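# Examining the three-dimensional arrangement
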Amino acid sequence: MIVTSAVRHAAAGTAAVLFVLPVPAATASPVTSVVPVTSAASAVSGLPGASAASDASGASRREPTQPVRHHVDPARLDRKGTQVQPLPGAPSVPSLSALSWVVADASSGEVLAARNAHRKLPPASTLKALFALTALPHHEPSEQHTVADSELTGIGDGSSLVGVKEGYTYKVSDLWNGVFLSSGNDAVHVLAAMNGGWESMSRQMQDKARSLGAMDTHVVSPDGYDAPGQVSSAYDLAVFGRAGLQDPEFTRYCSTRYADFPAGSWSYGIANTNRLLTGENGVARYPGLLGIKNGYTSNAGNTLISAARRGDRTLVVSVMNPQGGGGLAVYEEARELLDWGFEAVEQVQPVGSLLPAHTKAAAGADSRAVSVPREGAAAKAAGKAMAVGKAEAAAKAEAVGKAEAVGKAEAVGKAEAAGNAPRGGAEAAAVPGKDSAAGAAPSGASVGLPLALVGSACAAALALWARRRRSVDRVS
């Protein structure tokens, strides 16, 4: 009975104090500075032109439409003949004499059109693109190398040469200029010797091709010289070209038109043999051309990998062995493909992808789905900013949710202890914008104050009970 009476007095004192105290809202104070997120697009309001996306009333902005995803038959590029999926109004694909060709978007890897894409043919010196992808990362451009006589043995008769001499010392960058500009097989032999030797280089190139998803290529001679069994395809060459554009060093070498090649105490000029790049010998220079690699052998005919940029779009084309038009036909047919690709890029559906199978599988549940970007550079930048904004907004929302939950739990707990449980009022105090005075209460101080008063109330109630108990004892 004594304990019960003491507890009753303590509860009564506590309830009296709680009834006159406001529900603490300190935990809700961070909420007042957070505006409810109605659209992740608000994260990019600082970008140029972003304000135009909202109306005068400040309504939430709509998020950009996701890139269209088309179902692409994975076996379509295995078919013979020209493969293209034009939309209404698309320009006609040019009629070319090349045995095979591919035109693709270099950024996304989407194949816009192709003819006999996987037909295996001799690649000639376009195989040097794969050689560069394999060997470039192993040596710094400024590294110097003195050429040994053994490194220049085995060069095929009639090979194109840049003029590397045994006993001379060259920078690695000089040797790569010899590979890309003069298509020098002598420079290839020296660089191959620096990277494990001829046979080892062939195996490394084969492995690199497979890692890129180029399954048609069989490497026998790293310089592209005709050799039994050495083949590639227009598809694989386009893969090599696209991969090269992602390497700044590769891009710098393949787009160089002229350079000086050292010859001991003096040097001589060399010009890139890709005529679309230099605009020489009867071929007009193609605007925005990034180069890459051309080739020729008597067995392979003329072959070419080219890439060009127009605005925010970069295309890569490969052309193998034109059957008419002479030695310049490979350049003119590549020109036609580039012109068609830039005109048709928004008016055709892709017929395939240059991405490796494992990359396509990781991009979506259906590895045959290829995304078609429909946005410009500014929209892409805004999309990235939106993604960041979404992440930040989600983090803020999570923090706000936790703060509201804590505030509600404390308010309800105190109300239930008083025996009144005013849940509606407790919840309202934790909602942003409902009570600005409560929202502005400093955190920490308003939490400690009620606890101290509750403790004081309990102590006062116990003291009152003890005093009355002593009075009763004296009377009795």
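Residues numbered from 1 in each chain as written. Predicted model: local features only at pLDDT ≥ 70, side-chain atom pairs only at ≥ 80, totals over all residues. Heavy atoms only, no water.

### A look at the pattern of salt bridges
One side chain can pair with another of opposite charge once the charged atoms of both are near each other. What counts, and what does not: One side-chain nitrogen of Lys or Arg within 4 Å of one carboxyl oxygen of Asp or Glu is enough to make a salt bridge. Only DSSP runs of H or I reaching four residues or more are called helices, and only runs of E reaching two or more are called strands; each is numbered from the N terminus. Each residue is placed in one exposure class: buried if its accessible area under a 1.4 Å probe, protein chains only, is under 20% of its type's maximum, exposed if it is over 50%, and partly exposed if it falls in between.
Here the structure, examined in full by the defined rule, presents 4 salt bridges. The shortest N-O distance in the salt bridge between Asp105 and Arg313 comes to 2.6 Å. Of this pair, Asp105 sits in strand β3 (residues 98-105) while Arg313 sits in strand β11 (residues 313-322), and the two are 208 residues apart along the sequence. The closest approach of N and O atoms between Arg335 and Glu332, which form a salt bridge, is 3.0 Å. Here Arg335 and its partner Glu332 are both found in helix α9 (residues 329-344), 3 residues apart, which amounts to about one turn of the helix. Accessibility expressed as a relative area gives 14% for Arg335, which makes it buried. For Glu332, a relative accessible area of 30% corresponds to the partly exposed category.

### Focus: α9
One turn of the α-helix equals 3.6 residues, which is why residues spaced by three or four share an orientation. The following threshold applies: Expected helix span is taken as 1.5 Å per residue step, with the number of steps being one fewer than the number of residues.
In a regular helix each residue adds 1.5 Å, so 16 residues correspond to 22 Å; α9 covers 22 Å between its end C-alpha atoms and thus fits that length. In terms of residue burial, α9 counts as a mostly covered element, since 12 of its 16 residues are buried. Looking only at α9, the buried set comprises Ala329, Val330, Tyr331, Glu333, Ala334, Arg335, Leu337, Leu338, Trp340, Gly341, Phe342 and Ala344.

### A short note on the packing of helix α2 (residues 128-135) against helix α3 (residues 172-180)
Each pair of packed helices can be described by the angle between their axes along with the distance between the axes. This is how the line gets drawn: Helix axes are fitted to C-alpha atoms over the stretch in contact, other axes to C-alpha atoms as well, and angles between N-to-C directions run from 0 to 180 degrees. By the definition adopted for this analysis, an angle is roughly parallel if under 35 degrees, roughly antiparallel if over 145, roughly perpendicular if from 65 to 115, and oblique otherwise. When the near helix sits turned anticlockwise from the far one by under a right angle, the crossing is termed left-handed; a clockwise turn instead gives a right-handed crossing. It only takes one pair of heavy atoms within 4.5 Å for two residues to be counted as in contact. When residues are grouped by polarity, Ala, Val, Leu, Ile, Met, Phe, Trp, Tyr, Cys and Pro land in nonpolar, Asp, Glu, Lys and Arg in charged, and all others, Gly among them, in polar.
At a minimum axis distance of 11 Å, the contact between α2 and α3 shows a crossing angle of 160 degrees. Relative to α3, the element α2 is oriented roughly antiparallel. Helix-helix and strand crossings are classified by hand; for α2 and α3 the assignment is left-handed. Here Lys128, Phe131, Ala132 and Ala135 of α2 lie close against α3, whose contacting residues are Trp176, Val179 and Phe180. Among the residues forming the contact of α2 with α3, the class breakdown is 6 nonpolar, no polar and 1 charged.

### Quick word on the side chain of Thr126
Worth spelling out the cut-off: Think of a polar contact as two N or O atoms within 3.5 Å of one another; within protein, one of them needs to be a possible hydrogen donor and the other a possible acceptor, and neighboring residues in sequence only count if both atoms come from side chains.
If you trace the backbone, Thr126 turns up in the loop between β4 (110-115) and α2. Polar side-chain contacts of Thr126 include one of 2.4 Å to the backbone oxygen of Pro123. In this structure, Thr126 is in contact with Leu237, Lys293, Asn294, Gly295, Thr303, Leu304 and Ile305, ignoring residues within four places of it in sequence.

### Observations regarding the pairing of β4
To keep it simple, the criterion reads: For two strands to be treated as a pair, DSSP must find no fewer than two bridges joining them.
Within β4, 5 of the 6 residues are buried, which leaves the element mostly enclosed by the surrounding structure. In this structure, strand β2 (residues 82-86) lies alongside β4, joined through 3 bridges in antiparallel fashion. From the neighbouring strand, Thr82 faces β4, where its bridge partner is Arg115. As defined by bridge partners, β3 adjoins β4 across 4 bridges and the pair is classed as antiparallel. Across the sheet, Val103 pairs through a bridge with Ala113, a residue of β4. Hairpin remark: β3 followed by β4, antiparallel, with 4 residues in the connecting loop; positive phi at Gly109, about 85 degrees. As judged from the 2 bridges shared by β4 and strand β13 (residues 352-353), these two strands associate in the antiparallel manner. Residue pairing in the sheet places Val111 in a bridge with Gly352 of β13.

### Overview of unusual backbone geometry
Located in the positive-phi region is Asn116, a residue other than glycine, with phi close to 50 degrees. You can see Asn116 is positioned in the loop between β4 and α2. The phi dihedral of Asn321 is positive, around 55 degrees, even though this residue is not glycine. Summarising the element assignment, Asn321 is placed in strand β11.

### Describing the confidence of the model for the protein
Selection criterion: For every residue, the predictor reports its confidence as pLDDT, a number between 0 and 100.
Of the residues in the protein, 60% reach a pLDDT of 70 or more, and the chain-wide mean stands at 75. This model gives residues 364-449 a pLDDT under 50, and the stretch forms 97 contacts once residues within four places in sequence are excluded.

### Details of the pairing of strand β9 (residues 289-297)
The buried fraction of β9 amounts to 8 of the 9 residues, a majority that puts the element mostly inside the structure. In terms of strand pairing, β9 meets strand β10 (residues 301-310) through 8 bridges, oriented antiparallel. From the neighbouring strand, Tyr296 faces β10, where its bridge partner is Asn302. In textbook terms, the turn of a hairpin is the stretch between consecutive antiparallel strands, and for β9 and β10 this stretch comprises 3 residues.

### Some details on the nonpolar core
Spelled out, the test is: In plain words, nonpolar cores are sets of buried Ala, Val, Leu, Ile, Met, Phe, Trp, Tyr and Cys residues tied together by side-chain atoms within 4.5 Å.
Phe131, Val164, Trp176, Phe240 and Phe250 are the most contacted members of the largest nonpolar core, which has 61 residues in total. When residues of this core are assigned to their parent elements, the largest contribution, 7 residues, is made by helix α6 (residues 234-245). Those residues in contact with Val164 that sit more than four places away from it in its chain are Val147, Leu152, Tyr170, Leu175, Asp186, Ala187, Val190 and Phe261. With 27 residues, the next largest nonpolar core counts Tyr286, Leu304, Val330 and Leu337 among its residues.

### Observations concerning the side chain of Arg335
A polar contact is formed between the side chain of Arg335 and the backbone oxygen of Ala284, at a distance of 2.5 Å. Residues within four places of Arg335 in sequence aside, it is in contact with Leu276, Val283, Ala284, Arg285 and Tyr286.

### Regarding the packing of aromatic side chains
Note the cut-off: Any Phe, Tyr or Trp ring, taking Trp's six-membered ring, that has another such ring centre within 6.5 Å forms a pair; planes under 30 degrees apart are called stacked, those over 60 apart edge-to-face, and the others tilted. To sit over a ring, a charge needs its Lys NZ or Arg CZ within 6 Å of the ring centre and within 35 degrees of the ring normal.
Scanning the entire structure with this criterion turns up 9 aromatic pairs. By the ring-pair criterion, three or more aromatic residues cluster together here, those being Phe131, Trp176, Phe180, Phe250 and Tyr253. Taking the ring centre of Tyr253 as reference, the NZ or CZ of Arg252 above it sits at 4.7 Å.

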